[in-house]
Amino acid sequence: MIQNSKCTSKDVNCNVFAYSNNGQLFAYCDNQVTRVFEIATNKEILCVNLKRTRKLFFSPKDNFLFTFEPWVIYGAKTDPNQKPAPNVRIYNLTDGRLITTLSSPKESSWEPQFNADESLAARMVGSEIFFYTDMSFDRYDHKLMEKGATNFSLSPGSGPNHVAVYVPAIGSAPARVRVHRVSKSFPVVANRTFYKSDKATITWNQKGNALLILASVDVDKTNQSYYGEQSVSL
């Protein structure tokens, strides 16, 4: 991490920016640095030499900042089996310390999910969902594998926590949302199937004991709707 005392919020070109959840902090990248400052006082909280940042994310209690840059190799390859360097960084906003780095090939699923008190976090890599406790991202505590899964949603309550996983339709098999209780064995507590769905948005209530599923398909094969079809389930 490189601290830069010359960073300023004035007259910069922002590629990406984000407000903290409490509205007190502002983060941005201007092709030179990635910076966080306190809006009311302009006090600098973090300034690091990250010029390729394309996504920013504050943890629920604004204690940590996550940065994402494209997962690609910059410059010439030095080895045929060379992989891109880790492209997700986690910073502690209390002291500006870099906690760890992670690799996330897909921009669509890079962002981790948390419960309300930040004691539990989850992230998806491929069809696997990794669970971490107390912001310890160096090693996962549990792993859930759902073949074909494309997205998930972690319940926001303090516990017991659940995770809803969406698997789109494959062949004659319908799409489904399966809800697991987060534990070592991940028991299934609910299951819902959809016959007209190639994507779904899953939204939990604040307590994390109920969820809303918006299932949709882009093309209506019956030609009754130009906008495809949608269905809502509770």
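Residues numbered from 1 in each chain as written. Predicted model: local features only at pLDDT ≥ 70, side-chain atom pairs only at ≥ 80, totals over all residues. Heavy atoms only, no water.

Going by what an unreviewed UniProt entry lists, the protein chain is known as Eukaryotic translation initiation factor 2A and is assigned to Caenorhabditis japonica. Comment text from UniProt for the protein chain, heading Sequence similarities (unreviewed entry), reads "Belongs to the WD repeat EIF2A family." (UniProt positions renumbered as here; feature names shortened; annotations may be inferred.)

Peer 1: Looking at this model, I keep getting lost on the pairing of strand β10 (residues 120–125). Mind explaining?
Peer 2: The side chains of a regular strand alternate between both faces of the sheet. With five of six residues buried, β10 lies mostly within the body of the structure. As judged from the two bridges shared by strand β9 (residues 113–114) and β10, these two strands associate in the antiparallel manner. Considered in β10, the bridge of Gln-113 is made with Ala-122. Pairing analysis gives six bridges linking β10 to strand β11 (residues 128–133), with the strands arranged antiparallel. Residue pairing for β11: Val-125 is matched across the bridge by Glu-128. Taking the residues between adjacent antiparallel strands as the criterion, β10 and β11 are bridged by two residues, where Gly-126 takes a positive phi near 65°. (Buried < 20%, exposed > 50% of the residue type's maximum accessible area, 1.4 Å probe, protein only. Helix = DSSP H or I, 4+ residues; strand = E, 2+ residues; numbered from the N terminus. Pairing = 2+ DSSP bridges.)

Peer 1: Please clarify how the environment of Ser-183 should be interpreted in this entry.
Peer 2: In this fold, Ser-183 is placed in the loop between β15 (175–181) and β16 (188–194). Spatially, the C-alpha atom of Ser-183 lies 9.5 Å from that of Phe-131, the residues being 52 residues apart in sequence.

Peer 1: Explain the sheet that holds β16 here, please?
Peer 2: Pairing between the strands of a sheet comes from backbone hydrogen bonds, and it takes one of two forms, parallel or antiparallel. Pairing within the open sheet is antiparallel, and its four strands lie in the order β13-β14-β15-β16. The open sheet is flanked by β13 (151–154) and β16, the only strands paired with a single partner. Here the average twist between neighbouring strands, direction ignored, is 15°. In this structure, β15 lies alongside β16, joined through six bridges in antiparallel fashion. Counted as the bridge partner of Val-177 is Arg-192 from β16. (Axes fitted to C-alpha atoms, helices over the stretch in contact; angles between N-to-C directions.)

Peer 1: What's the story with the environment of Leu-212 in this structure? I'm lost.
Peer 2: Here Leu-212 shows up in strand β18 (residues 211–217). Leu-212 gets classed as partly exposed once you look at its relative accessible area, which sits at 37%. Sequence spacing of Leu-212 and Ile-202 is ten residues, and the spatial spacing of their C-alpha atoms is 5.8 Å.

Peer 1: Would you explain the side chain of Glu-146 in this entry?
Peer 2: Locating Glu-146 in the fold gives a position in the loop between β12 (142–145) and β13. Engagement of the side chain of Glu-146 in a polar contact is seen with the side chain of His-180, the distance being 2.6 Å. (Polar contact = N/O pair within 3.5 Å; in protein donor to acceptor, adjacent residues only side chain to side chain.)

Peer 1: I tried to follow the pattern of salt bridges on my own but got confused; where do I start?
Peer 2: Two side chains carrying opposite charge are able to pair once their charged atoms lie near each other. In total, this model carries seven salt bridges according to the counting rule given. A salt bridge links Glu-44 to Arg-35, with the nearest nitrogen and oxygen atoms 3.1 Å apart. Relative accessible area serves as the criterion here: at 28%, Glu-44 is assigned to the partly exposed category. On the accessibility criterion, Arg-35 (2% relative accessible area) is buried. One salt bridge in this structure joins Arg-178 and Glu-146, with 4.0 Å as the shortest N-O distance. Of this pair, Arg-178 sits in strand β15 while Glu-146 sits in the loop between β12 and β13, placing them 32 residues apart in sequence. (Salt bridge = Lys/Arg side-chain N within 4 Å of Asp/Glu carboxyl O.)

Peer 1: What am I meant to see in the pairing of strand β17 (residues 199–204) here?
Peer 2: Only one face of β17 is buried: it carries Ala-200, Ile-202 and Trp-204, and the other face, with Lys-199, Thr-201 and Thr-203, is open. As paired elements, β17 and β18 share six bridges and run antiparallel to each other. Within β18, the position partnered with Ile-202 by the bridge is Ile-213. Between β17 and β18, which follow one another and run antiparallel, lie six residues, and Gly-208 among them has a positive phi close to 80°.

Peer 1: What's the story with the sheet that holds strand β8 (residues 97–102) in this structure? I'm lost.
Peer 2: Reading across the sheet, the four strands line up as β5-β6-β7-β8 and stay open at both edges, with antiparallel pairing between neighbours. Edge strands, defined here as strands with exactly one partner in the open sheet, are β5 (55–58) and β8. Pairwise comparison of adjacent strand axes, ignoring direction, gives a mean angle of 20° for this sheet. In this sheet, strand β6 (residues 64–68) lies alongside β5 in antiparallel orientation, the contact comprising four bridges. Counted as the bridge partner of Lys-55 is Phe-68 from β6.

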